[in-house]
Amino acid sequence: MKNLLITGGCGFIGTNFIRYLFNQPDFTGRMINVDRLTYAGNPENLKDIEKMFPDRYVFVQADICDPEKLAGIFDAYDIDTVCHFAAESHVDRSIVSPDDFIKTNIIGTFNLLEIARNRKNRLRRFHHISTDEVYGSLGNDGYFTETTPYQPSSPYSASKASSDHLVRAYHTTYNLPVTLSNCSNNYGPYQFPEKLIPLMILNALEGKPLPVYGDGKNVRDWLYVDDHCSAIWEILRHGKEGETYNVGGDCELENITLVETICDAIDNATGKDAVKARRELITFVKDRPGHDRRYAIDATKIKKELGWMPKTPIEKGIQSTINWYLENDNWVTRVRSGAYREWIQRQYQTE
Ligand code: NAD
Ligand code: TYD
């Protein structure tokens, strides 16, 4: 793994993965981070990495929907490994406005696959990051395994399902050395405050209503982002070509329970006096259309075959996530600001 292309490295999981990898003694290669810098991407997340590893970390602002620019990057940096995170990732946005989801998640992935196929002799591995949402909704029982049929509900999950099928087809048809991972809901530092956990943390800190969809009894399986990063690193090094690995946190929670846990943790961290007891901020709101009831991952395959395990208990993960948002209020102000976004776009514009 000499020249590793990361797509979407300025987003939540990509940022954490890049930071994780530069801490691994057995990663000695160069990393080329390609990101379009949508509202969800912030290259400043990696400023310290850029300074510490000037010869081993490169950022290029580019859209994965631009095949010519992408091909140029593959050739200029002699890419041998791809780890593909870039996507439009928020279900609620996909319901309001699906276009970018189709473009980035489907066409963007197709572009990457085509460029990789045309350089197959150079390519050691194409790893595709996907989601458990492709499997649709579970009832009260059962788990998603790698052989669960796809039944996506939202434009987001349908676009991810489509990209998964393309990746597998490129293995079957062209023998491209692919691996895939389908993981559950991640949480941790650098997550854009539109997803449940950072939104609830920030609203609770600011004394704003905590909007819980429907009856709050939808279940998600929560995975601390560092545990996801270690799973991807295992798969990149030891995963078998053509295989899919489900990655989960063994941590199913109803949304309402999770939100109450966050409220109590923030009360403990900051004192109740600043704002009224946070649980009182919980507000049940209209349900999300097509809202999947329950996700739960059976991660036996990656545990048995690659010896991976999630290591972070939810209480610890939530506490360190709350601490991170408390210590990084500047980051929050910046990512929420339109003016900052425009400035970032100008700073990092590349031909
Ligand atoms: P994110 O929205 O935080 O980040 C996405 C990144 O991709 C951003 O930096 C954005 O600028 C970049 N991007 C978007 N469109 C692009 C384009 N056309 N060209 C280049 N870059 C582009 O997402 P995330 O939460 O970090 O998710 C990363 C991956 O993991 C996605 O593929 C997502 O489907 C998958 N995933 C996420 C979760 C989760 O809980 N966050 C769970 C399962 C799977
Ligand atoms: P989200 O973080 O959007 O992830 P996903 O939809 O990919 O699972 O939402 C997690 C769960 O929280 C999901 O069941 C929807 C719910 N939710 C709320 O109840 N209120 C909110 O404001 C948000 C953003 C999500």
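Every chain begins its residue count from 1, and numbering advances along the sequence as written. Both sets of labels track the order of writing: A upward for chains, 1 upward for ligands. For a predicted model such as this one, the threshold for reporting local features is a pLDDT of at least 70, and the threshold for listing and counting side-chain atom pairs is 80 or more; totals across whole chains, interfaces and linings nevertheless cover every residue. Only heavy atoms go into the side-chain values, all of them from the structure, while hydrogens and water stay out.

Let's talk about the pattern of salt bridges
Salt bridge, as used here: a side-chain nitrogen of Lys or Arg that lies within 4 Å of a carboxyl oxygen of Asp or Glu. For the coordinates displayed, the defined rule picks out 21 salt bridges. Between R36 and D63 there is a salt bridge; the shortest N-O distance is 3.9 Å. A residue pair is termed long-range when its members are at least 10 positions apart, and R36 in the loop between β2 (30-35) and α2 (47-52) and D63 in the loop between β3 (57-61) and α3 (67-76) qualify at 27 residues. The buried label goes to any residue with under 20% of its type's maximum accessible area, the exposed label to any with over 50%, and the partly exposed label to all in between, with areas taken from a 1.4 Å probe on protein chains only. For D63, a relative accessible area of 25% gives the class partly exposed. Salt bridges linked by common partners bring D26, E234 and R237 together as one network. Per the convention used, a helix needs a DSSP run of H or I reaching at least four residues, while a strand needs a run of E reaching at least two, with both numbered from the N terminus.

Side note on the nonpolar core
I197, L210, W222, I262 and I318 are the most contacted members of the largest nonpolar core, which totals 32 residues. Counting residues per element, the ones that place at least two in this core are α7 (196-206), β8 (210-213), β9 (219-224), α9 (255-270), α11 (314-327) and α12 (329-336). Element by element, the count of residues in this core is highest for α9, at 7 residues. If near-sequence neighbours (up to four positions away) are discounted, L210 is found in contact with M200, N203, A204, V259, C263, R278, L281, I282 and T283. Nonpolar cores were defined as sets of buried Ala, Val, Leu, Ile, Met, Phe, Trp, Tyr and Cys residues, with membership established by side-chain atoms within 4.5 Å. Counting residues in each nonpolar core, the second largest holds 29 residues, with F17, F27, C229 and Y348 among its members. By the convention used here, residues are in contact when the closest approach between their heavy atoms is within 4.5 Å.

Focus on the sheet that holds β2
Taken in spatial order, the 7 strands of this open sheet run β3-β2-β1-β4-β5-β6-β10, and their pairing is parallel. Only two strands of the sheet have a single partner each, and these edge strands are β3 and β10 (244-247). The mean angle between the axes of side-by-side strands here comes to 20 degrees, regardless of whether they run parallel or antiparallel. Note: strand β1 (residues 3-7) against strand β4 (residues 81-84), 4 bridges, orientation parallel. Strands were regarded as paired on the criterion that DSSP finds at least two bridges between them. Think of each axis as a best-fit line through the C-alpha atoms, taken over the contacting stretch in the case of a helix, with angles from 0 to 180 degrees between the N-to-C directions.

A short note on the sheet that holds strand β11 (residues 252-254)
Strands sit in the order β7-β9-β11 across an open sheet of 3 strands; the sheet is mixed. Two strands close off the open sheet at either side, each with one partner strand: β7 (185-187) and β11. Each adjacent strand pair in this sheet contributes to an overall mean axis angle of 50 degrees, direction not counted. Bridge count between β9 and β11: 3 bridges; the pairing is antiparallel. Looking at β11, one finds that R220 is bridged to L253.

As for the packing of α11 against α12
Orientation of α11 relative to α12, taken along the N-to-C sense of each, is 75 degrees, at an axis distance of 5 Å. Compared by their axis directions, α11 and α12 come out roughly perpendicular. In this structure, α11 uses W324, Y325, L326 and E327 to contact α12, whose residues at the interface are D329, W331 and V332. Classification convention: Asp, Glu, Lys, Arg as charged; Ala, Val, Leu, Ile, Met, Phe, Trp, Tyr, Cys, Pro as nonpolar; all other residues, Gly among them, as polar. When its residues are assigned to classes, the contact of α11 with α12 shows 5 nonpolar, no polar and 2 charged. Should an angle fall under 35 degrees it is called roughly parallel, over 145 degrees roughly antiparallel, and 65 to 115 degrees roughly perpendicular, with every other angle called oblique.

A closer look at the site of ligand 1
Near, as used in this document, describes a residue that has one of its heavy atoms within 4 Å of the molecule or strand being considered. The environment of ligand 1 is formed by 28 residues, the closest being I13, D35, S89, Y156 and K160. Within the contact set of ligand 1, an oxygen atom lies 2.8 Å away from a backbone nitrogen or oxygen of N186. For the accessible areas, the method is Shrake-Rupley and the probe is 1.4 Å, while residue cover comes only from the protein chains on display. Compared with its free state, where it exposes 840 Å², ligand 1 has 97% of that area covered by protein. Looking at the shell around ligand 1, the elements with two or more residues in it are α1 (12-21), β5 (125-131), α6 (155-174) and β7. Ranked by residues supplied to the shell around ligand 1, first place goes to β5 with 3 residues. Along the lines of polarity and charge, the residues of the shell around ligand 1 split into 13 nonpolar, 11 polar and 4 charged. Whenever a nitrogen or oxygen atom comes within 3.5 Å of another N or O atom, the pair is scored as a polar contact, on the condition that within protein one atom can donate a hydrogen and the other can accept it, and that pairs from neighbouring residues in sequence are kept only if both atoms are in side chains.

A closer look at the packing of α7 against α11
As a packed pair, α7 and α11 sit with axes 10 Å apart at the nearest point and diverge in direction by 60 degrees. Compared by their axis directions, α7 and α11 come out oblique. Of the two possible hands of crossing, α7 and α11 adopt the one that is right-handed. Between α7 and α11, the contacting residues are I197, P198, I201, L202 and L205 on the first element and I318, T321, I322, Y325 and L326 on the second. Per-class residue counts for the contact of α7 with α11 are 9 nonpolar, 1 polar and no charged. Rotating anticlockwise by less than a right angle from the far helix to the near helix defines a left-handed crossing, while the corresponding clockwise rotation defines a right-handed one.

Some thoughts on the site of ligand 2
In the vicinity of ligand 2 there are 17 residues, among which E133, P211, R220, R288 and H291 approach most closely. One of the backbone N or O atoms of P211 is found 2.8 Å from a nitrogen atom in ligand 2. Taking H291, its side chain carries an N or O atom lying 2.7 Å from an oxygen atom of ligand 2. Only α7 and β8 provide two or more residues apiece to the shell around ligand 2. In terms of residues, the shell around ligand 2 owes the most to one element, β8, which gives 3 residues.

Some details on the environment of E133
When you line up the elements, E133 lands in the loop between β5 and α6. Distance in space between the C-alpha atoms of E133 and A158 is 8.6 Å, their sequence separation being 25 residues. For E133, the residues in contact, after removing those within four places along its chain, are V91, P152, Y156, S157 and Y295. Among the polar contacts made by the side chain of E133, one reaches the side chain of Y295 at a distance of 3.3 Å.

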